[in-house]
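Coordinates in review
Listed here are the chains, written in short residue letters.
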Amino acid sequence: MANEDERYRTTSQYRLWSFAPSHLRDLRVQTNALAQQIIRPRLPPDPEPEFLTADEEMQLVKFFTVELIRAAQFCELPTEIRSTAAIIMRRFYVTNSVMTYPPTDMLKTSLFFGCKAESFYMRSTKLAEKFPNTTSEQILAGEFLLCQGIRFAFDVKHPFRALEGAVLELRRRLPAEEGRVNRAHAKAREVLKYSPLVTDAYFHYTPSQIMFASLLMVDEGLVDLLIPGRPTGVEGDAARVTGAHTDVKEKIMETIRACRTMLEEEPPERMTDYWGTPEIVKSMKPLRKKLQRCRDPDRADLVALQRTKREAALKKEDDDEEREAKKRKVEAADDIFGGPLG
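No experiment lies behind these values; they were computed from the predicted model shown.

What counts, and at which threshold
- Residues numbered from 1 in each chain as written.
- Predicted model: local features only at pLDDT ≥ 70, side-chain atom pairs only at ≥ 80, totals over all residues.
- Heavy atoms only, no water.
- Helix = DSSP H or I, 4+ residues; strand = E, 2+ residues; numbered from the N terminus.
- Buried < 20%, exposed > 50% of the residue type's maximum accessible area, 1.4 Å probe, protein only.
- Contact = heavy atoms within 4.5 Å.
- Areas by Shrake-Rupley, 256 points an atom, 1.4 Å probe, with all protein chains shown as cover.
- Axes fitted to C-alpha atoms, helices over the stretch in contact; angles between N-to-C directions.
- Parallel < 35°, antiparallel > 145°, perpendicular 65-115°, else oblique.
- Left-handed = near helix turned anticlockwise from the far one by under 90°.
- Nonpolar A, V, L, I, M, F, W, Y, C, P; charged D, E, K, R; others polar.
- Salt bridge = Lys/Arg side-chain N within 4 Å of Asp/Glu carboxyl O.
- Phe/Tyr/Trp six-rings, centres within 6.5 Å; stacked < 30°, edge-to-face > 60°.
- Patch = residues over 30% accessible without salt bridge, like charges linked within 9 Å, V, L, I, M, F, W, Y side chains within 5 Å.
- Lys, Arg positive; Asp, Glu negative; His and termini not counted.
- Charge placed at Lys NZ, Arg CZ, Asp CG, Glu CD.
- Polar contact = N/O pair within 3.5 Å; in protein donor to acceptor, adjacent residues only side chain to side chain.
- Core = buried A, V, L, I, M, F, W, Y, C linked by side-chain atoms within 4.5 Å.
- Disulfide = S-S within 2.5 Å.
- pLDDT = per-residue confidence, 0-100.

1. Topic: the overall build of the chain
- When its secondary structure is counted, the chain shows 18 helices and zero strands.
- Looking at the chain as a whole, 44% of its 342 residues qualify as buried.
- Partitioning the contacts of the chain with sequence separation of at least 6, the portion at a separation of at least 24 is 78%.
- As presented, the chain carries roughly 19200 Å² of accessible surface, and 53% of it is formed by carbon and sulfur atoms.

Structural data, given as structure tokens:
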């Protein structure tokens, strides 16, 4: 029977959206360079446009991820939908630039698609009503672009279920410390609802590793209980076996500690203490102004872009039908017995 790790390695999340840190960094640099190459001829040459760097793009993606979480809370969407929408948008901007497709629009599209991915029915018109100056057409305009950008990988595996399983096991093992377990449960869940969504944790670690990292942040002793090392007083062959287990545990813990370090870059309180302050909003203004000056003018309006594509597709269909009619006419003219009767 396959274990949890083996099952996870068959998912699209692992196969398509798991990267080594250097690989992810290279992808973002390539995306940024390609966007500049495509957009440069579309902007006035004088003055030469100043483009966002790959690092500046990542700052904006993080900012808009926080805005997405805040918008999802305002819309009273469940935690799993917020999380799926955030990860879908972050996936999209790995191989697409914020200079190419406007994040203010893709944020709303990601929220709507997150509802679909989690089988939570919400009409696009109802979601549009939640935002000022937003129509259903604007939300839907970027949907197929989003699907292409995430390579049609709609399933997102989250660490929430792993946390619930860990908590059940802790309650079984520590019946006299229910208060401690409950406090750790609540704090770890708050971490999972924010920290891995605004960092690259989902790209580098499995859901169970992210769960353990969140528990490590709030109560390290509980993690030691769930991942035991070599027991004391063991000798001989048993000692060699348990020693091997200890080596495995240390490798596991090394990974979990690295994940914790990443999560600690964005602890839950930063949502309000940092990203929610007037100072950070003010500090992001120069980057957003820079984005306005260097964005792709042909893709700034997704609704207009979709209309143009539809018109081009209809024109192609009309042209194909016209060519087919001419072909039938020529074939009929070449038939010595004439065309078919009736």
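Read on for the rest.
2. Some details on the packing of helix α4 (residues 54–74) against helix α6 (residues 103–117)
- In contact at an axis separation of 10 Å, α4 and α6 are set at 45° when each is read in the N-to-C sense. One way to sum up the angle between α4 and α6 is to call them oblique. Every pair of crossing elements has a handedness; the one defined by α4 and α6 is right-handed. Along its contact with α4, which presents Phe64, Glu67, Leu68, Ala71 and Ala72, the element α6 presents Pro103, Thr104, Leu107, Ser110 and Leu111.
- Of the residues assigned to the contact of α4 with α6, the class counts are seven nonpolar, two polar and one charged.

3. Quick look at the pattern of salt bridges
- Counted by the stated rule, this structure contains 25 salt bridges.
- Between lysine 62 and glutamate 266 there is a salt bridge, with the nearest N and O atoms lying 3.4 Å from each other. Here lysine 62 is found in helix α4, whereas its partner glutamate 266 is found in the loop between α15 (236–264) and α16 (270–273), with 204 residues between them in sequence.
- Classification of glutamate 266 by relative accessible area gives buried; the value is 1%.
- Taking the shortest distance from any N to any O, the salt bridge between glutamate 169 and arginine 173 comes out at 2.7 Å. With glutamate 169 and arginine 173 both in helix α10 (residues 160–173), this residue pair falls four residues apart, about one helical turn.

4. Description of the packing of aromatic side chains
- This structure, assessed with the given rule, holds eleven aromatic pairs.
- A ring pair is formed by phenylalanine 92 and tyrosine 101, whose centres lie 5.8 Å apart and whose planes are at 55°; its orientation type is tilted. A single burial state applies to phenylalanine 92 and to tyrosine 101, both of which are buried.
- Through a chain of ring-to-ring contacts, the aromatic side chains of Phe63, Phe64, Tyr274 and Trp275 assemble into a single cluster.

5. Topic: a positive patch on the surface
- A surface patch of like charges, here positive, comprises Lys282, Lys285, Lys289 and Arg293.
- Its place among the elements puts lysine 285 in helix α17 (residues 278–294).

6. Focus on the side chain of glutamine 36
- With respect to the secondary-structure elements, glutamine 36 resides in helix α3 (residues 21–39).
- Polar side-chain contacts of glutamine 36 include one of 2.8 Å to the side chain of asparagine 32.
- Once you skip the residues sitting within four places of it in the chain, glutamine 36 turns out to touch Phe51, Leu52 and Met99.

7. Focus on a nonpolar patch on the surface
- Where nonpolar side chains cluster on the molecular surface, the patch consists of Phe144, Phe152 and Phe154 and spans about 310 Å² of accessible area.
- With respect to the helices and strands, the residue phenylalanine 144 is situated in helix α9 (residues 143–149).

8. Regarding the nonpolar core
- Within the largest apolar cluster, 94 residues are counted, with the highest numbers of intra-cluster contacts made by Leu111 and Leu215.
- Those residues within four positions of leucine 215 in sequence are excluded, and the remaining contacts are Leu163, Ala166, Ala184, Ala188, Glu220, Val223 and Leu226.

9. Some points on the state of the cysteines
- Under the definition given, this model contains zero disulfides.
- Of all cysteine sulfurs in the structure, the one in cysteine 115 sits closest to cysteine 75, which takes part in no disulfide; the separation is 8.2 Å.
- Residue class for cysteine 75 comes out buried when judged on its relative accessible area of 5%.

10. Describing the confidence of the model for the chain
- For the chain, the mean per-residue pLDDT works out to 90, and 89% of the residues sit at or above 70.
- Taking the mean pLDDT of every element in the chain, the minimum, 76, falls on helix α18 (residues 302–333) and the maximum, 98, on helix α12 (residues 201–204).

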